[in-house]
Amino acid sequence: MRKELSFVSPFTYAMQTTQNKIIDEQSMLENLGIYLPSQAPLNNFVHHNTLHAFQRFSFKEGVKLAGNKFGFRVYRNLESYRKAYQTGKISGNTLEKIILRYHTLEELPFIKEALLTQHFDDFPQAEVGRIRGQWKSLAHLNIEKEIHTSLFRIMGSFLDQGVSRVPFPFSPQKTLLTSIRELELKTPNCIFHSKEVRALLNNPKLNLSDLLYKLVGNKNLHEAYMEDALFAHPGWSGMVRFLEKNDHLLLKHRKASLYEFLLFQLLLELDVLYTKKGLDWKPLDQYPDFEAHKSTRSNENLYHVLHLWQEAVEFSCFDSVLFGLSAIKKQEKTNLSFQACFCIDDRECSLRRHLEHLDPNCETFGTPGYFQLPFYFLPFEAHNLIQMCPASISPKHVISEWKDSTVSDYDIHLSHKGKKGERKLWIPHISGYSAGLKLIKKVFFTRKVLDATQSEKDQYAKINFEVHDCPNESLKSKNLKWGFELSEQVDAVESLLKGMGMVEQFGELVYIVGHGASSVNNTHFAGYDCGACNGRNGSINARAIALMANKLEVRNFLQSRGISIPKNTRFVGAVHDTTRDEIVFFDLEQLTNAQRAAHENNAKIFHEALIKNAVERGRKFGFDKSRKAPSLIHEKIKLRSVSLFEPRPEWNHSNNALCIIGPRKHNKHLFYDRRAFLNSYDAHFDEDGSILSATLNAITNVCGGINLEYYFSSTDPSNLGAGSKLPQNVMGLIGVTNGIDGDLRTGLPEQMISIHNPMRLLVVVEQSPKKIQEILRKNPDIEKWYTGEWLFLFCKDPDLGTWHRWQNGTFEAYEPERLTLSTIQDWVPYVSRESEDLPVFYMEETQYA
C-alpha cells in the first residue's frame, strides 16, 4: 500500500542530535539553515518558493508558522480584501462557499459578519531575534551596528566574483577562517583588536559551543542564539549556505561554509564586547532581567480570517476561468500556414494570441522553454558550464560553441588574441576614454544606440550538438557526454513533439521560439530570462532542437515511431526578446527559395504581432493614453530596455495566476491578460502518463516557484521581497544590497511586483483524474505542492467533460460557479460587453481595434 502523505505538526517536530559536540553544532545549523533564503547568485537567479522550508506543512499552517516565527506578512492587508469585496472583485457567493468549507451553515452569518466588520490585532512580532536582541536592553549595546559593517565587507570581498579591484588575498582553495588567520598574521591592519579573541581565532579546537558559552551561557539557549545570529542578516547567511551546497555555480571558486561564517560572526561579537570602553559585560543568561523564552502568542483569528479572504479572491477569479474552459469553441479546419512552438512562459501568452488573430491558419504550441533538451552549454573560450534546463534536472550532455571565422574578434577595449590565445589590455587610457564616450552616448543619446543592442549576435554563434571531444582540458574530468548520439537526438525530438501533441499535421515551416530579455538597468537580469532554462536565454535550446529535427536520419527514426514529418517541412530556431518585443530567426540560409519566400511572409506577421504585443504591454506602462501610432509605442517599449534611468524594463511575470495544460484549440477562445502559462498537451498521445509526469515535474517546480516568489514578495516587500531597486548596489556579482553595508536582499524588487495581484497558481490539466492521481502517487515531492495547497490542481476529464479538484490527497467532483461580469468586472481591462454570461477572461475582437 501507498504510504499516506502527512504534514508534520509544528508541535511534534523535533530535531535529531548526536553526542559529539561538533556534529551536534552542525546538526543544529542544518536544521536552522533550511529556513534561510535559498536564492542563487545573480547570474544564476531562478525563482523559487521563498517559504520553501514550510512546504512540509499545508499552506494555511505553513504561512502562519512563518509569520509567527519571522514576523512575515503572508497575506494582503485586511482592508484591501474588504475593498475588493465592496467593488465586486470578490463574489459574494464565492465568499460564502469558502466560509462553508471551514464552518457550518449555522456559523456562516457570524463568520461573514466578522470578515466584513470585525477588528483584528495585527500580525504578531517575530520570535526570531528576541534572545540576541537583549544585548541592547541589558548591556545597552547595539551589537548588529557594531559588527555588520566588518562582517558584510569581508564576506563580500571573500565571495567576490569580479567586482573588487583587488581580489581577496590568499588562495581561493583556503577556507574563510584559514584566510582570516593569515590576514591577521601577515597584514598590519587587524580585523580583531582584543587579545582574547585573537587567542580564540588561533585555537585549533575552536568551536561554536565555546563561543556560545561566553555569549549566552546556558547550553539550552545555544540554538536560539545561533538562529538569532543567522537571521539578523538572512541574505548573507542564506547565500553562504547556498554556495556551500552549490559551489559549482561560482565562476571563482570559494570554500564557504555556514559553520565558519557563524564562527567568524561570533568572534566579531566577542571582539566588540571585549574592546568596548566602559562595557562591563557577562553572558546573557547571567543578567537578572534576561528573558529566556522566545515563544509568542499567535493571532489565530487574524490568520484564519485572512486565509478565508485569500481563497475568496482566488476562486472569484478561478471559477470564471474554469467556467470559460467548460465551453469548448468549435474549430473549423483550415489550410495550415505555419506552426510556432513557444515556451509556456506567461509573457508568450499574448504574442501567441496576436499571431493566431493575424493568421487564423497558423497553430501555436507551448512547452517548457528548454524544449525537452537538458544540457550544459560551454560558450566559446569559456571555462565554466552553464546549465540550460530546470534546476531540478541534472544534465548528462554538453553542447559547445565555436567561433565563426567571419565575425570580427576585435574590440577597442581588448586586443586581438596573442600567440597563446590570451587577450591583452590595449592602450588603457584610450580605451577608457572610449568607454566614457559610450556611456555618455547611452545617457544622452539613447535612441541612437537602440539598434546596437539587439539580440542579433546570437545569429553568429556556432553550436556543436554532435558527439565531439571536450575542448577544455579542465572539464575532462567531469562525467559528461560531449554532444548527443543520434538515438538521443531522436528521443529529444520525439519527446518534444509528443509532449505538445504535435504528431499528425506539420506545416511547411515550424518555428521553435525560445525567449530571453535585454536591459541595461537590471540587477535581477537572470530573473527576466527563461526559468525552464535555469534563468538563461533559451536561444541555444531552440536552435539545437530545430537543427536536430531537420536531420534526415532523425526523421527516419521518428517515422518508425509513428511521427511522419514531410520532406518539405523545415524547423526554424528563433528567440523572442520579451523586453523589446523583437524576434531573431536562426539558420535561415538552410531554407529553400520557396521556404525563404514563405518565411518572409511569416516574418511580417510576427513583426505585426510583436507591435500589437508591445501596445498591449504598454497599457501597463501608461502608454494606452498615448495617441501615438502602434509602431511608435513599440519604439518607446524598446527604449525602456536601453535606458539607464528605467527601473522596470518590463513587468515580467506580474499577475501570473494560471497554468493551462491541454490542447490549445480547447482554450484559445479565452483572453488571459498575460496571466497564464500555456502548455500544449493531448491526453490521447499519452497512454502511460509519462509525458504528463515530466510536464508536471517541470511546471510545478518552475511555474510554482515563480508564482510563490511573486506572491510573498508582494505581501511583504520589505522582508520577503528585495524592496526598491533604486538604492541597491551589486555586491561581488552575487547579490544586491541597500547601500554599501546592508544585508543581501532576497526576493523580488518592488519594480517587478508593484502591480502584482498575489494569488496561488491554478493548474488545470485536461486528463482523467485517475491518470493524474497515479502520476502524483509516484511523485510525492510534486504531490505535496498540491495536497498542501501551495498550488491548486484541477482536472477536466477529456471524455466526460467533468471537473475535479485535488483535495485531501484525492480528486473530488467540482462545479465552478457561473460568474457574471457584474460581479468581477474589474479583474482585467479587456472584457466583452456583448453578454453578461461570458466569463471575464473571454477574448473579444474589439481589443485589436
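Residues numbered from 1 in each chain as written. Predicted model: local features only at pLDDT ≥ 70, side-chain atom pairs only at ≥ 80, totals over all residues. Heavy atoms only, no water.

Another point: the side chain of Gln55. Counting through the fold element by element, Gln55 comes out in the loop between helix 1 (21–33) and helix 2 (59–70). The buried category is assigned to Gln55, whose relative accessible area is 14%. (Helix = DSSP H or I, 4+ residues; strand = E, 2+ residues; numbered from the N terminus. Buried < 20%, exposed > 50% of the residue type's maximum accessible area, 1.4 Å probe, protein only.)

Attention now goes to the packing of aromatic side chains. Two measures describe an aromatic ring pair: the distance that separates the ring centres and the angle between the ring planes. Taken as a whole and judged by the stated rule, the model has 34 aromatic pairs. Above the plane of the ring of Phe623 lies Lys636, whose end atom (NZ or CZ) is 4.2 Å from the centre. When the ring centre of Phe59 is taken as reference, the NZ or CZ atom of Arg760 above it lies at 4.2 Å. (Phe/Tyr/Trp six-rings, centres within 6.5 Å; stacked < 30°, edge-to-face > 60°. Lys NZ or Arg CZ within 6 Å of the ring centre and 35° of its normal.)

Attention now goes to the sheet that holds strand 16 (residues 792–796). Within the open sheet, the six strands sit side by side as 12-11-15-16-17-18. Their pairing is mixed. Both edges of this open sheet fall to strand 12 (676–679) and strand 18 (810–814), since each of them pairs with a single strand only. On average, each strand axis in the sheet is inclined to that of its neighbour by 25°, with strand direction left out of account. Contacts from helix 14 (residues 300–326) reach strand 11 (658–661), strand 15 (762–765), strand 16, strand 17 (803–807) and strand 18 within the one sheet, and its direction differs from that of strand 16 by about 15°. (Pairing = 2+ DSSP bridges. Axes fitted to C-alpha atoms, helices over the stretch in contact; angles between N-to-C directions. Contact = heavy atoms within 4.5 Å.)

Relative to strand 5 (residues 397–402), strand 3 (residues 376–378) is paired through three bridges, and the arrangement is parallel. Paired with Phe377 across the bridge in strand 5 is Ile399. Two elements, strand 5 and strand 7 (residues 481–482), share two bridges in a ladder whose sense is parallel. Within strand 7, the residue paired with Val398 across the bridge is Trp482. Where strand 5 meets strand 6 (residues 462–464), three bridges bridge the pair, whose relative direction is antiparallel. If you follow Ser400 over to strand 6, its bridge partner there is Asn464.

The residue Glu789 is not glycine, and still its phi comes out positive at about 60°. Structurally, the position occupied by Glu789 is in the loop between helix 25 (780–787) and strand 16. With relative accessibility at 11%, the residue Glu789 sits in the buried group. The phi dihedral of Asn808 is positive, around 55°, even though this residue is not glycine. Within the secondary structure layout, Asn808 lies in the loop between strand 17 and strand 18.

Quick look at the confidence of the model for the protein now. For the protein, per-residue confidence averages 86 on the pLDDT scale, and residues scoring 70 or more make up 86% of the total. Highest mean pLDDT in the protein belongs to strand 1 (residues 339–343) (98); lowest belongs to helix 26 (residues 821–824) (36). Contacts of residues 1–19 to residues separated by more than four positions or lying in other chains number 33 contacts, the stretch itself having pLDDT below 50. Note on residues 448–454: pLDDT under 50 across the span, and 12 contacts to partners over four residues away in sequence or across chains. (pLDDT = per-residue confidence, 0-100.)

Here we take up the packing of helix 5 (residues 108–117) against helix 14. Between two packed helices, both the angle of their axes relative to each other and the distance between the axes serve to describe the pair. Axis separation between helix 5 and helix 14 bottoms out at 11 Å; the angle between their running directions is 90°. The orientation of helix 5 relative to helix 14 falls into the category roughly perpendicular. The residues of helix 14 that touch helix 5, namely those facing Ile111, Leu115 and Leu116, are Val305, Leu308 and Trp309. Per-class residue counts for the contact of helix 5 with helix 14 are six nonpolar, no polar and no charged. (Parallel < 35°, antiparallel > 145°, perpendicular 65-115°, else oblique. Nonpolar A, V, L, I, M, F, W, Y, C, P; charged D, E, K, R; others polar.)

Each turn of an α-helix holds 3.6 residues, which means side chains three or four residues apart point in the same direction. The element helix 18 (residues 539–549) is largely enclosed, with a buried count of 11 among its 11 residues. The set of residues buried in helix 18 consists of Ser539, Ile540, Asn541, Ala542, Arg543, Ala544, Ile545, Ala546, Leu547, Met548 and Ala549.

In the structure shown here, the tally under the stated rule is 38 salt bridges. In this structure, Arg241 and Glu30 form a salt bridge, with 3.3 Å as the shortest nitrogen-oxygen distance. Residue Arg241 is located in helix 12 (residues 234–245), and its partner Glu30 is located in helix 1; the two are separated by 211 residues in the primary sequence. For the salt bridge of Glu494 with Lys498, the shortest nitrogen-to-oxygen distance reads 3.0 Å. A residue pair is termed a helical-turn pair when its members lie 3 or 4 positions apart in one helix, as Glu494 and Lys498 do in helix 17 (residues 486–500) at four residues. Classification of Lys498 by relative accessible area gives partly exposed; the value is 26%. (Salt bridge = Lys/Arg side-chain N within 4 Å of Asp/Glu carboxyl O.)

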